[in-house]
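Structural overview
For reference, the chains in residue letters:
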Amino acid sequence: MTSRPVDLTKLINERIREVPDYPKPGVVFKDISPLLADHTAFAAVVDAIVAYYGRGTIDKVVGIEARGFILAAPVAYHFGAGFVPVRKKGKLPAATYAESYDLEYGSETIEVHQDALVPGEQVLIVDDVLATGGTAAAAAELVRRSGAEVAGLSVLIELGFLKGRDRLSGLDVHALIEG
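The written sequence of each chain sets the order in which its residues are numbered from 1. Local features in a predicted model are, by the rule used here, given only for residues with pLDDT of at least 70; side-chain atom pairs are given and counted only at 80 or more, and totals for whole chains, interfaces and linings are based on all residues. Hydrogens are left out, water is left out, and the side-chain values use all remaining heavy atoms of the structure.

**Details of the pairing of strand E4 (residues 82–88)**
Pairing between two strands is assigned when DSSP locates at least 2 bridges connecting them. Secondary structure is summarised from DSSP: a helix means a run of H or I of at least four residues, a strand means a run of E of at least two, and numbering begins at the N terminus for each. With 5 bridges connecting them, strand E3 (residues 60–64) and E4 associate as parallel partners. Counted as the bridge partner of Val-62 is Val-84 from E4. When the strands point away from the viewer, a crossover counts as right-handed if the route from the first strand across the helix to the second turns clockwise. Between the parallel elements E3 and E4, the chain passes through helix H4 (residues 67–79) in a crossover that is right-handed. Of the strand pairs in this sheet, E4 and strand E6 (residues 106–113) are connected by 2 bridges, and their pairing is antiparallel. Residue pairing across strands places Arg-87 opposite Glu-111, the latter belonging to E6.

**A word on the pattern of salt bridges**
Working definition: two side chains of opposite charge can pair if their charged atoms are close together. Only one rule defines a salt bridge in this text: a Lys or Arg side-chain nitrogen within 4 Å of an Asp or Glu carboxyl oxygen. In the structure shown here, the tally under the stated rule is 10 salt bridges. Ionic pairing is found between Arg-15 and Asp-38, a salt bridge with its closest N-O pair at 2.6 Å. Of this pair, Arg-15 sits in the loop between helix H1 (8–14) and strand E1 (17–20) while Asp-38 sits in the loop between helix H2 (33–37) and helix H3 (39–53), placing them 23 residues apart in sequence. Salt-bridge contacts for Lys-60 lead to Glu-121; the nearest nitrogen and oxygen are separated by 3.2 Å. Of this pair, Lys-60 sits in strand E3 while Glu-121 is found in the loop between E6 and strand E7 (122–130), placing the two residues 61 residues apart along the sequence. In terms of burial, Lys-60 and Glu-121 fall into one category: buried. For every residue, the accessible area (1.4 Å probe, protein chains only) is compared with the maximum for its type, and the residue is labelled buried under 20%, exposed over 50%, or partly exposed between those bounds.

**Brief notes about the packing of H3 against H4**
Closest axis-to-axis distance for the H3/H4 pair is 9 Å, and the angle between their directions is 55°. In terms of orientation, H3 lies oblique with respect to H4. In this structure, H3 crosses over H4, and the sense of that crossing is right-handed. In this structure, H3 uses Phe-42, Val-45, Val-46, Ile-49, Val-50 and Tyr-53 to contact H4, whose residues at the interface are Ile-70, Leu-71, Pro-74, Val-75, His-78 and Phe-79. Taken together, the residues of the contact of H3 with H4 break down into 11 nonpolar, 1 polar and no charged. Axis lines are fitted through C-alpha atoms, for helices just across the contact stretch, and the angle between N-to-C directions can take any value from 0 to 180 degrees. We call two directions roughly parallel when the angle between them is under 35 degrees, roughly antiparallel when it is over 145, roughly perpendicular when it lies between 65 and 115, and oblique otherwise. For any pair of crossing helices, the crossing counts as left-handed if the nearer helix is rotated counterclockwise from the farther one by less than a right angle, and right-handed if it is rotated clockwise. Here, two residues are considered to be in contact whenever any of their heavy atoms come within 4.5 Å of each other. Residue classes follow a fixed rule: Ala, Val, Leu, Ile, Met, Phe, Trp, Tyr, Cys and Pro count as nonpolar, while Asp, Glu, Lys and Arg count as charged, and any other residue, Gly among them, counts as polar.

**Here we look at the side chain of Thr-109**
As for its placement among the helices and strands, Thr-109 is situated in strand E6. Of note is the side chain of Thr-109, whose polar atom sits 2.6 Å from the side chain of Ser-100. Other than its neighbours up to four places away in sequence, Thr-109 contacts Arg-87, Lys-88, Lys-89, Ala-98, Glu-99 and Ser-100. Polar contact criterion, stated in full: a pair of N or O atoms within 3.5 Å, where within protein one must be able to donate a hydrogen and the other to accept it, and residues adjacent in sequence count only if both atoms are side-chain atoms.

**Digging into the sheet that holds E6**
One open sheet accounts for 7 strands, arranged E5-E6-E4-E3-E7-E8-E9; its pairing is mixed. Both outer strands of the open sheet, strand E5 (96–103) and strand E9 (173–178), are each paired with one neighbouring strand and no more. Between one strand axis and the next, the sheet turns through 20° on average, direction left out of account. Running at roughly 145° to E9, H3 makes contact with E7, strand E8 (149–158) and E9 of the sheet.

**Some thoughts on the nonpolar core**
In plain words, nonpolar cores are sets of buried Ala, Val, Leu, Ile, Met, Phe, Trp, Tyr and Cys residues tied together by side-chain atoms within 4.5 Å. With 29 residues, the main nonpolar core has Val-61, Phe-79 and Leu-156 as its most contacted residues. Looking at this core, the elements with two or more residues in it are H1, H3, H4, E7, E8 and E9. In terms of residue count, H3 provides more of this core than any other element does, 8 residues in total. Contacts of Phe-79, omitting those with residues within four sequence positions, involve Ile-49, Val-50, Tyr-53, Gly-54, Arg-55, Gly-56, Thr-57, Ile-58, Val-61 and Leu-124. Among the nonpolar cores identified, the runner-up in size contains 25 residues, and Ile-110, Ala-138, Ala-148 and Val-173 belong to it.

Shape is all these values report; function is a separate question.
What follows is the structure, given as structure tokens:
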């Protein structure tokens, strides 16, 4: 029995639930829970990210809190790489590097442990959604501050109308779908 090729874009789009006016009026939230609950879809997403960069090319995978953790950990496993969480300020117990960025309604700070990345390591940043690019740019700055190299940013969904990619010049940005 031969397997049929998977239409990844269709598979992903069919398993992302759009929730209007969440978390606030005017926002359409992209809920990836149905995708995560579907083994075939979840595995296809992880495999697509790993295939794009190629096994053996990544030393560490940074996952951005919180949904980025869910995607980044299995990606790291398949690369044979370490997983490094980037968390909101105050959530990591040891010495950290911190980077702040602006949101449309304020600002946020994310952190990474100072000893999590080694100078010269190739680091892939993984998150679920690329929106305005602020979080991704801050994560990239944390990787650079540690002395490691940003190999790229891989996201499940890019909200192209928000032009987040424009804030990430010089980064290899890989999005599985645009939403």
